[in-house]
Amino acid sequence: MSYLEDPGPGRGSLPPRAAFTSDAPSLSLNGTWRFRLSPSLAAAPSGIEAEGFDDSAWDELPVPSLWQLHGHGRPAYTNVPYPFPVDPPHVPSDNPTGDHRLRFDLPAGWPAGSAVLRFDGIDSCGRIWLNGTELGVTQGSRLPSEFEVGPLLRPAGNVLVVRVHQWSAGSYLEDQDMWWASGIFRAVTLLARPDGGIGDYWIRADYDHTTGLGTVRVETRPDVVLDIPELGVTAHPAGEALELPVEPWSAETPRLYEGTLSTAAERVPVRIGFRTVTIEDGQLKVNGRPLMLRGVNRHEHDPRTGRVVSPETALADVLLVKRHNVNAVRTSHYPPDPAFLELCDTYGLWVIDECDLETHGFEPLGWAGNPSDELIWAEAYLDRMRRTVERDKNRPSVILWSLGNESHTGENLARMAEWVRHRDPTRPIHYEGDHDCAYVDVHSRMYATHEEVERIGRKDDDNARRRELPFLQCEYGHAMGNGPGGLLEYRELFERYPNCQGGFVWEWIDHGLAADGHFAYGGDFGEPIHDGNFVIDGLVFPDRTPSPGLAEFAKVIEPVRIEADASGIRVSNHYDFVDTGHLTFTWVLEDEGIAVAEGVLEVPPVLSGQSTVVSRPSLPATSGESWLTVSAALTSSTAWAPAGHVVGWGQLAVSEAPVAAPLPPRGPVFRTGGRLVLGAGEFDPATGTLSALGGHVVTGPRLDVWRATTDNDRGTFAGRPDADQWREAGLHRMQHRVIAVDADGEELVVRTRVAPPAQPFGLFADYTWTAFDDRLRLRVEVTPDGEFPGTLPRLGLAMAIPGAWGSAEWFGGGPGEAYPDSRQAARIGRFSSSVEGLQTPYVFPQENGNRTAVRWAALTAPDGAGLRIDGDPVFDFTARRWTAAALEEARHTDDLVPGELVHLTLDVAQHGLGTASCGPGVLPRYRLVPQKTEFTLWFRPVPGR
Ligand code: IPT
């Protein structure tokens, strides 16, 4: 059998060991290599391993890299299906094969003796030669492989040759939901291994929260000694436990002690975090305290280099998640670059470290032939788990091992678990696919609905083992496109039930690839089989710009909650460990969104899990609607955020808008020159629609219910997609029948029926316009007519205004977009933005940008001329330079071309977002069911300067 189709774990490599650096010489072999891509192994050149082989005509390629992202071949995206025939362990003969060659010299003074060549990741199979001698074959793409090369090295002119195949037997185990791309995508390093050096070590560092004592014991060769100067530990021998008072490590207080392991031959810098993970009373605890996991699933992704993630990018992720109150990361669905976990130690994140394993493509086949239950794959499964655990065992941030993802269940998984339990009893085992929890230590589900979580919380479960385990959602809150909706309700469940310990939003980043003018997704590379934009489901855009979903998540999971309380301001501490002593509470009073007073709020330190009520500061009088905003911010800068960074905030209503002055007398409706005129408005006499305001041409407003469907509207996971129901009802092509235009006296009353073609049902919409000086009041009465099936996307008005009115200012919810089930991040304030800035550039265009709870909004030209709309009391609005229909049609952001007009929606209601793209749909309370609705808006022209 060819090595390519060998289901075993590869060959020739050294036993797995911890990732670490030392003072022994090392040489990075990253850089520019020679490269040649062949369409198959048969077509690949022979003799490349020979030192004298002439590669001068080959291309150059950076290493690390994925060659498809450097113009060789093309990336391809599938979620579940394998892009090749399911014929395990066989792979296509058309197997792109990338030959890599590097000539290198050793630095002066490189010691003779043992040396190890380490590859941190080769996707998917690499055959390696040094100076003409074959070292072996790697499989297990996101895991390290090391080879002994000491005897082969020479001071100058070494020739390293790596033949990488896109497909191998291992590909069957690597069906993660991500781009298929190949190459030497992580670091290549040559490490001198001194005689008597430290080959491997495991620092076991526990913490006893009842005594405050830490215990450290180093498992390694017997002559190693440990120094921790800060703790006065000197030359402590390996193998012996040492107990001493320490500060524990946690994600909130990532206390690391720097130390050294040494032998006569080698010194290894170490950083020790003392913590103990347990499962007690059905809860996952660290240092005696139950955790609330406010997590994200993180794939490694860079929009230019794919899974080649630089240290700077890894750091950017860590800082971004920390700044958004995230405290946990699941390394979906493979061990990340080891540098990422070091950062998690340093900055403080709980990590589920997941093995590089997924066989999801067997699911559509009823799991027939799934490697998880086939003996020939047993060694590969174990090998992958060993390499994960051995590499990362010294990371205090890693608190759970995960066997992999979406590989169903089977004996090979059970064996992995058994091996882990034996090798590392200090960390519980996670694997979602073990539904009976036969071989895992935590009960994990993905995309469980709110009802399911509630049932699990109530322990309404006939499986006794599952009932006793802590529960977490390894994936939930699918962040595809506009969404997720419903996060708040998950949080409420996690907080209500002690066994429900939070979860991990799917997922951190959109895997869009940088293309000309937009980000590309599945199908953009001509893939014959692909899953479209299902790979665009992150809380940050591909360039790591936070999406509104991330703002929402950060607000929902904020560690300090500030709420109005009958007797003042309630401050609740939702950290798992620390008190609020590190935070400064400030308040600002805004009168109709303008700050008029501010101060510091004295809040005594609140312990974890507790709350306190402080009285409201004394406030000056205000004249308009005013709000008190209280923020909790870092007093001092931390490693991950500057002083002043806000971790939580709340708003208290202080005074309502003043009672409106008595209305002036109504203005008359009159007809002149074929037009209907009422106050500042001109109307089309036939249709009764507003055609000019203050002398500027406008169109509408008219009743409108459609929105450019979101990924969640189109989602299929919660039954029939809302979008299908809407489209089938014809809500995207409503027709307006004018029943009557009644323009006598002091009101313009327009009666209409708005209904889809081919359907018997519709909506009566009556518009009543009244003029008061320069203001026009519009009352809209909507009455469903007939049996209306299902929900509406939204309910409100659409109108078009001059394109010059491109600046928006509003008082209401902001600064970002908000929808009924994703509106926690919107605070009441005064905000301004260009129309361009109101758009959320979802990689796959869809409904976006809705501002909610708006009291008034003005859209104006640079000279100040424009329009002001007041709610009675509030409305939602969007403003775009294209129509909802154009937004619906667009496939990439650059398909959206600004037109002449600004299109407004002015809504009384929006349907929620939900997460039906992969998860539950819109919760009942956020569904927009047609019913008799009345709402009022005021329109006023704003004169120019
Ligand atoms: C789930 C996968 O675990 C994850 O990798 C990703 O594909 C996610 O779905 C959707 O984006 S599996 C799903 C079929 C529940």
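All residue numbers refer to position in the chain's written sequence, counted from 1. The model is predicted, so local features are restricted to residues of pLDDT at least 70 and side-chain atom pairs to those at 80 or more, both for listing and for counting; the totals for chains, interfaces and linings are taken over all residues. As a rule here, side-chain values cover all heavy atoms of the structure and leave hydrogens and water aside.

### A look at the UniProt feature "domain: Beta galactosidase small chain/" (unreviewed entry) in the chain
UniProt positions are given in the numbering used here, feature names are shortened, and annotations may be inferred rather than shown by experiment. Mapped onto this numbering, the UniProt entry annotates "domain: Beta galactosidase small chain/" (unreviewed entry) at residues 676-940. Helix and strand definitions here come from DSSP, where helices need a minimum of 4 consecutive H or I residues and strands a minimum of 2 consecutive E residues; each element is numbered from the N-terminal end. Counting secondary structure, residues 676-940 comes out at 5% helix and 47% strand; the distance between its end C-alpha atoms is 17 Å.

### A short note on the sheet that holds strand S36 (residues 560-565)
Strand order in this open sheet of three strands is S36-S37-S40, and the pairing throughout is antiparallel. Taken across any chain shown, the strands that pair with only one partner, and hence form the sheet edges, are S36 and strand S40 (611-614). Geometrically, the sheet is characterised by an average inter-axis angle of 20° between neighbouring strands, direction not taken into account. When DSSP finds two or more bridges between two strands, those strands count as paired. Pairing analysis gives six bridges linking S36 to strand S37 (residues 568-573), with the strands arranged antiparallel. Paired with Ile562 across the two strands is Val571, which belongs to S37. Here, axes are lines fitted to C-alpha atoms. For helices the fit covers the stretch in contact, and angles between N-to-C directions go from 0 to 180 degrees.

### With respect to the pairing of strand S50 (residues 735-742)
Pairing analysis gives seven bridges linking S50 to strand S51 (residues 748-755), with the strands arranged antiparallel. Each residue of the ladder has a partner; that of Val741, found in S51, is Val750. Counting the residues in the hairpin turn of S50 and S51 gives five residues, including Gly745, whose phi is positive at 85°.

### Concerning the sheet that holds strand S11 (residues 145-148)
Two pairing modes exist for strands in a sheet, parallel and antiparallel, and in both the strands are linked by backbone hydrogen bonds. Read from one edge of the open sheet, four strands run S2-S15-S7-S11, paired in antiparallel fashion. Strands at the two margins of the open sheet, each flanked by one partner only, are strand S2 (26-28) and S11. Pairs of neighbouring strands in the sheet enclose a mean axial angle of 20°, with direction left out of account. Alignment of strand S7 (residues 115-119) against strand S15 (residues 188-192), held across five bridges, turns out to be antiparallel. Opposite Arg118, over in S15, you have Thr189 as the bridge partner.

### Quick notes on the packing of helix H7 (residues 487-496) against helix H8 (residues 548-556)
Relative to each other, H7 and H8 sit at 25°, their axes nearing to 10 Å. The angle between the axes of H7 and H8 places the two elements in the roughly parallel class. For H7 against H8, the interelement crossing comes out right-handed. Counting all contacts with H7, which are made through Leu487, Leu488 and Arg491, the residues of H8 involved are Glu552, Phe553 and Val556. Taken together, the residues that form the contact of H7 with H8 break down as four nonpolar, no polar and two charged. Throughout this description, any angle smaller than 35 degrees is read as roughly parallel, any larger than 145 degrees as roughly antiparallel, any in the 65 to 115 degree range as roughly perpendicular, and the remainder as oblique. Handedness of a crossing is defined here by the sense of rotation of the near helix relative to the far one, left-handed for an anticlockwise turn of less than a right angle and right-handed for a clockwise turn. Whether two residues touch is decided by their heavy atoms; if any such pair falls within 4.5 Å, the residues are in contact. Residue polarity follows a fixed list, in which Ala, Val, Leu, Ile, Met, Phe, Trp, Tyr, Cys and Pro are nonpolar, Asp, Glu, Lys and Arg are charged, and the others, Gly among them, are polar.

### Some points on helix H9 (residues 722-729)
Relative accessibility decides the category of a residue: with a 1.4 Å probe and only protein chains considered, values under 20% of the type maximum give buried, values over 50% give exposed, and everything between is partly exposed. Of the positions making up H9, those classed as buried are Asp722, Ala723, Gln725, Trp726 and Ala729. For H9, the arc enclosing every buried residue in end-on projection is 160°, short of the 170-degree limit, so these residues lie on one face. Of the residues trailing H9, Gly730 is marked for its positive phi of about 85°. What the arc measures is the spread of directions leading from the helix axis to the C-beta atoms.

### Considering the site of the ligand
One heavy atom within 4 Å of a molecule or strand makes the whole residue count as near it. Looking at the ligand, there are 14 residues lining it, with Asp177, His333, Asn405, Glu475 and His478 nearest. N or O atoms closer than or at 3.5 Å make up a polar contact, with two conditions inside protein: a donor-capable atom paired with an acceptor-capable one, and, for residues adjacent in sequence, both atoms drawn from side chains. Between the ligand and His478, the relevant distance is 2.8 Å, taken from an oxygen atom to a side-chain nitrogen or oxygen of the residue. In the environment of the ligand, an oxygen atom lies 2.9 Å from a nitrogen or oxygen atom belonging to the side chain of Asp537. Areas reported as accessible are Shrake-Rupley estimates using a 1.4 Å probe. Residue values count occlusion only from the protein chains shown. Taking 390 Å² as the accessible area of the ligand by itself, protein coverage stands at 91%. Its residues assigned to classes, the shell around the ligand comprises five nonpolar, five polar and four charged.

### Digging into the domain arrangement of the chain
What fixes the domain bounds is an automatic or database domain assignment. Each domain of the chain was delimited in the assignment, giving domain 1 (3-192), domain 2 (202-278), domain 3 (293-555), domain 4 (558-655) and domain 5 (666-942). Each partner contributes to the interface: domain 3 provides 31 residues, whereas domain 5 provides 33 residues. Roughly 2600 Å² of surface becomes buried between domain 3 and domain 5 when both sides are summed, with 59% attributable to carbon and sulfur atoms. Taken as a group, Asn482, Tyr521 and Glu552 account for 25% of the area that domain 3 buries against domain 5, more than any other trio of residues on that side. Within this document, salt bridges are pairs made up of a side-chain nitrogen of Lys or Arg and a carboxyl oxygen of Asp or Glu, the two lying within 4 Å of each other. Inspection of the domain 3/domain 5 interface yields one salt bridge. In this structure, Arg925 engages Glu489 in a salt bridge whose closest nitrogen and oxygen atoms are separated by 3.7 Å. Viewed at the interface, domain 5 and domain 3 are joined by 14 residue pairs in polar contact (both at pLDDT 80 or more). Elements that contribute at least two residues to the side of domain 3 that touches domain 5 include exactly H7, strand S35 (518-520) and H8. Two parts placed together each lose some accessible area under a 1.4 Å probe, and the buried area is that loss summed for both.

### Here's the deal with the nonpolar core
What makes a nonpolar core is a set of buried Ala, Val, Leu, Ile, Met, Phe, Trp, Tyr and Cys residues whose side-chain atoms join them at distances within 4.5 Å. One finds Met385, Leu403, Trp508, Phe553, Val560, Ile569 and Phe585 to be the most contacted residues of the largest nonpolar core, which totals 95 residues. Setting aside residues no more than four positions away along its own chain, Val560 makes contact with Val571, Ser572, Tyr575, Thr580, Leu583, Phe585, Ala632, Val647 and Gly648. Val750, Leu792, Met799 and Leu859 belong to the second-largest nonpolar core, a separate cluster that totals 58 residues.

### Considerations on unusual backbone geometry
As a rule of thumb, non-glycine residues mostly have phi less than zero, and peptide bonds are mostly trans rather than cis. Omega for the peptide link from Pro88 to Pro89 comes to 0°, which places this bond in the cis form. For the peptide bond that leads from Asp872 to Pro873, omega is 10°, which places it in the cis range. Although it is not a glycine, His408 sits at a positive phi angle of roughly 55°. Mapped onto the fold, His408 is located in the loop between strand S29 (398-402) and helix H4 (411-423). The phi angle at Arg544 is positive, at roughly 70°, despite the residue not being glycine. Within the secondary structure, Arg544 sits in the loop between S35 and H8. We classify Arg544 as buried; its relative accessible area is 11%.

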